[in-house]
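Observations on the model geometry
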Amino acid sequence: MTDIQGLINSLAPEVLAALRERGPDQHLDRDTLDAFDRAAGGPGEGRGYYIVRGSLTPLERRHYFLRDDVAAAIFAPSSLEAAKGADA
């Protein structure tokens, strides 16, 4: 089972800022995937928080996106307000 709020709380502030800047339907780059894995507990552990859209093969051409519920939590107004408060 995924812990979306726990993952959000574990992401580095600069990762959250970059996610929010690019919007909820962004293609996740390798650095962002690695950040999700670290926040979720280690290599490959973030897989429950992002999905592949499109073809699974070839591996190097996969496009990863936030799961809809993860994007909703990251971009929820209360989540955005909490992040602003942390910066103050």
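Above: the structure in question.
Residues numbered from 1 in each chain as written. Predicted model: local features only at pLDDT ≥ 70, side-chain atom pairs only at ≥ 80, totals over all residues. Heavy atoms only, no water.

**Things to note about the side chain of Asp 37**
Within the secondary structure, Asp 37 is located in helix α3 (residues 30-40). Although buried, Asp 37 forms no salt bridge, and the nearest oppositely charged side chain, Arg 30, lies 4.2 Å from it. Not counting residues up to four positions away in its chain, the partners in contact with Asp 37 are Arg 30, Gly 42, Pro 43, Gly 44, Glu 45, Gly 46, Arg 47 and Tyr 50. (Helix = DSSP H or I, 4+ residues; strand = E, 2+ residues; numbered from the N terminus. Buried < 20%, exposed > 50% of the residue type's maximum accessible area, 1.4 Å probe, protein only. Lys, Arg positive; Asp, Glu negative; His and termini not counted. Salt bridge = Lys/Arg side-chain N within 4 Å of Asp/Glu carboxyl O. Contact = heavy atoms within 4.5 Å.)

**Some details on helix α2 (residues 13-22)**
Regarding α2, the residues found buried are Val 15, Leu 16, Leu 19 and Arg 20. With its buried residues spanning 130° around the axis, α2 presents them on a single face. Residues of α2 that are exposed and point more than 90 degrees away from the buried face comprise Pro 13, Glu 14 and Glu 21. At the exit of α2 stands Gly 23, carrying a positive phi of roughly 95°. (Arc of directions from axis to C-beta.)

Bear in mind that shape data such as this cannot, by itself, settle questions of function.
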